[in-house]
Amino acid sequence: MMISFIFAGAGLLGLFLILYLAKGLRSPGGDLGELVARLRPIDVNAFRNLIDQREEEYLRAHLPRREFRSIHRERMLAAVEYVWCATRNTSILISLGEAAKRSSDPTVGTAATKLIENALRLRLYALHAVPRMYVGALFPSASRAPQFIAETYDTMVRQAVVLGCLQYPARGGSSAL
Amino acid sequence: MHFLLLYLWVAPKALLGVTLAVILRRGLQKKFPLFFTYVLFELFHFLAMIAAYVPAVFDPAHYLNVYRWVMVWSLGVSSLLSLGVIYELVNEMILSRSTLAQTLRPVLRWCAGVVLLLTAIASGRLAVTGLEGVMNAFQVLDFASSVLQVGLLAVLLLFSRVLLVSWRNFSVGIAVGFGILGCVELAAAALLPAFGPRGYAAIDVARLTAFHVCVLIWLCYLIFPEREPRFTGRLLQKSELELWDQELQRMVQR
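Keep in mind that this is a model prediction, so the values were computed, not measured. (Residues numbered from 1 in each chain as written. Chains lettered and ligands numbered in written order. Predicted model: local features only at pLDDT ≥ 70, side-chain atom pairs only at ≥ 80, totals over all residues. Heavy atoms only, no water.)

### Side note on the overall build of chain B
Helices and strands together make up the secondary structure of chain B, namely eight helices and one strand. Sequence-ordered secondary structure for chain B, helices as α and strands as β, is α-α-α-α-α-α-α-β-α. For chain B, restricting intrachain contacts to residue pairs at least 6 apart in sequence, the fraction spanning at least 24 positions comes to 79%. (Helix = DSSP H or I, 4+ residues; strand = E, 2+ residues; numbered from the N terminus. Contact = heavy atoms within 4.5 Å.)

Here it is, written out as structure tokens:
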């Protein structure tokens, strides 16, 4: 009897999940200027510090175990925030690319298509990275999360750098880099 | 209650007939052959149920079981077709849209495998006792197919969100409709053994209402099709696009 109600509750939760996921789907189009204005700044150096393995090892060596766990969790959660911010920026980049795809110049269209593909790749990457970072936040002593973070360190930093540069469209990406 | 049940039994099927007509008119049967087959089968299923129901009313001793077996077999075919539709949606919404298909295919396979495993565990946990054999088969099949459907649709919508699929896309409408139906079916299938035959009518109302909502969603998506997105403001220059693309490429290379 109890299990029936648990599954019925799961069905109801599933309904909310489906509606939540559907609600989050994108409305295409919009004002390009407004889209650019919605890009959020990313402090690359701070992010770099948060996921730096040497920094983590230093903290592990110099802090009491309990304090380290607490600080590590906060650091990981902050890093996750950075990744979410970068992901939000990517969605704007895709919209900008989609708009550019309509250009009469075929080379612009090709460049926009490539840009969209790579931005989508990044979003998939974030989907993969965030749960692992949460695991790292929950279990700092588990080897899996830190190894993963170390392995993907370069990728994450580059992601933050590029998406951070988007906040300076007037200056151009290269100057922000 | 009888009027409500009658309405919920007939109205969604009538709307499904309209849906079928719109699909044919817009030539969508080529793009969504499995969904088209599903809609066609649901209409056939409705007629078959009427054909089995009428003799069961007059001679329940002989025909009630026939009616129930028609119900079980129809559910089996309908479940298979709905899974086929989900496969079609995965292709349409995710794999065909992106050159990332090669990367995504194994991820989606793994997700489907996990959902299948969870379905098997959940179905095993749902003890169906006290019902007749044919209804027992119906319960287990209904529950398992609902869990599988909801799990796969949640994965599909999650990836659609990540890949920024537009909510106005007809594929999204199909997925949301199936999702709502699947969730209500899941809850109903789980509650039926708890309530037993006295709960059939109320649970039927919930199921039929969900199907009604599902068909309405499909119809709305068909009547108000997706438009080309409109952008205003300055377009990006080629140099800007190339710069960002180079950086993105660097980011995704390990």
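Resuming the write-up.
### A short note on the environment of V135 of chain A
Relative to the helices and strands, V135 of chain A resides in helix α6 (residues 106–138). Here V135 of chain A falls in the partly exposed class, since its relative accessible area comes to 33%. (Buried < 20%, exposed > 50% of the residue type's maximum accessible area, 1.4 Å probe, protein only.)

### Thoughts on the environment of P131 of chain A
Mapped onto the elements, P131 of chain A comes out in helix α6. In this structure the C-alpha to C-alpha distance between P131 of chain A and D52 of chain A, which are 79 residues apart in sequence, comes to 18 Å.

### Quick notes on helix α4 (residues 101–125) of chain B
Taking 1.5 Å of rise per residue, 25 residues should cover 36 Å, and α4 of chain B covers 35 Å from first to last C-alpha, within 8% of that figure. Those residues of α4 of chain B lying buried are A101, L104, L108, V115, T119, A122 and S123 of chain B. (Expected span 1.5 Å × (residues − 1).)

### A look at the packing of aromatic side chains
Residues and elements named next belong to chain B. Across all of its chains, the model carries 13 aromatic pairs over all chains by this definition. On the basis of an interplanar angle of 65° and a centroid distance of 5.8 Å, the ring pair of W9 and Y53 is categorised as edge-to-face. Of the two residues, W9 is situated in helix α1 (residues 2–26) and Y53 in helix α2 (residues 33–58); the sequence distance between them amounts to 44 residues. Its relative accessible area of 25% is what places W9 among the partly exposed residues. A centroid spacing of 5.4 Å and a plane angle of 80° characterise the contact between F32 and F170, whose relative ring orientation is edge-to-face. With F32 in the loop between α1 and α2 and F170 in helix α6 (residues 170–195), this residue pair connects regions lying 138 residues apart in the sequence. (Phe/Tyr/Trp six-rings, centres within 6.5 Å; stacked < 30°, edge-to-face > 60°.)

### Regarding the pattern of salt bridges
All names here are of chain B. Using the criterion set out here, one finds five salt bridges over all chains in the structure. Note that K31 is salt-bridged to E92, the shortest N-O span being 3.4 Å. Placement of K31 in the loop between α1 and α2 and of E92 in helix α3 (residues 60–95) is noted, with a sequence separation of 61 residues between them. R207 is paired through a salt bridge with D142; the nearest N and O atoms lie 2.2 Å apart. Note that R207 is positioned in helix α7 (residues 200–223) and D142 in helix α5 (residues 133–162), a separation of 65 residues in sequence. Note on accessibility: R207 and D142 belong to one class, buried. Taken together, the salt bridges that share partners define one network made up of D142, E185 and R207. (Salt bridge = Lys/Arg side-chain N within 4 Å of Asp/Glu carboxyl O.)

### Topic: the nonpolar core
If you look at the biggest cluster of nonpolar residues, it comprises 73 residues, and the most contacted ones within it are F35, Y38, I94, L104, I174 and W218 of chain B. Setting aside chain neighbours within four positions, we find I174 of chain B in contact with F32, F35, V85, L89 and W218 of chain B. By size, the runner-up hydrophobic cluster in this structure holds nine residues, among which are F47, L50, I51 and A79 of chain A. (Core = buried A, V, L, I, M, F, W, Y, C linked by side-chain atoms within 4.5 Å.)

### Things to note about the packing of α3 of chain B against α4 of chain B
Residues and elements named next belong to chain B. It is at 11 Å that the axes of α3 and α4 come closest, and there the two elements cross at 140°. The angle between α3 and α4 falls in the class oblique. Note on packing geometry: the crossing formed by α3 with α4 is right-handed. Two secondary-structure elements touch here, α3 through V90, I94 and L95 and α4 through A101, L104, R105 and L108. Residue composition of the contact of α3 with α4, by class: six nonpolar, no polar and one charged. (Axes fitted to C-alpha atoms, helices over the stretch in contact; angles between N-to-C directions. Parallel < 35°, antiparallel > 145°, perpendicular 65-115°, else oblique. Left-handed = near helix turned anticlockwise from the far one by under 90°. Nonpolar A, V, L, I, M, F, W, Y, C, P; charged D, E, K, R; others polar.)

### As for a nonpolar patch on the surface
Together, L47, I50, Y53, V54, V57 and F58 of chain B give the surface a local cluster of nonpolar side chains, amounting to about 600 Å² of exposed area. Examined against the element boundaries, L47 of chain B turns out to sit in helix α2. (Patch = residues over 30% accessible without salt bridge, like charges linked within 9 Å, V, L, I, M, F, W, Y side chains within 5 Å. Areas by Shrake-Rupley, 256 points an atom, 1.4 Å probe, with all protein chains shown as cover.)

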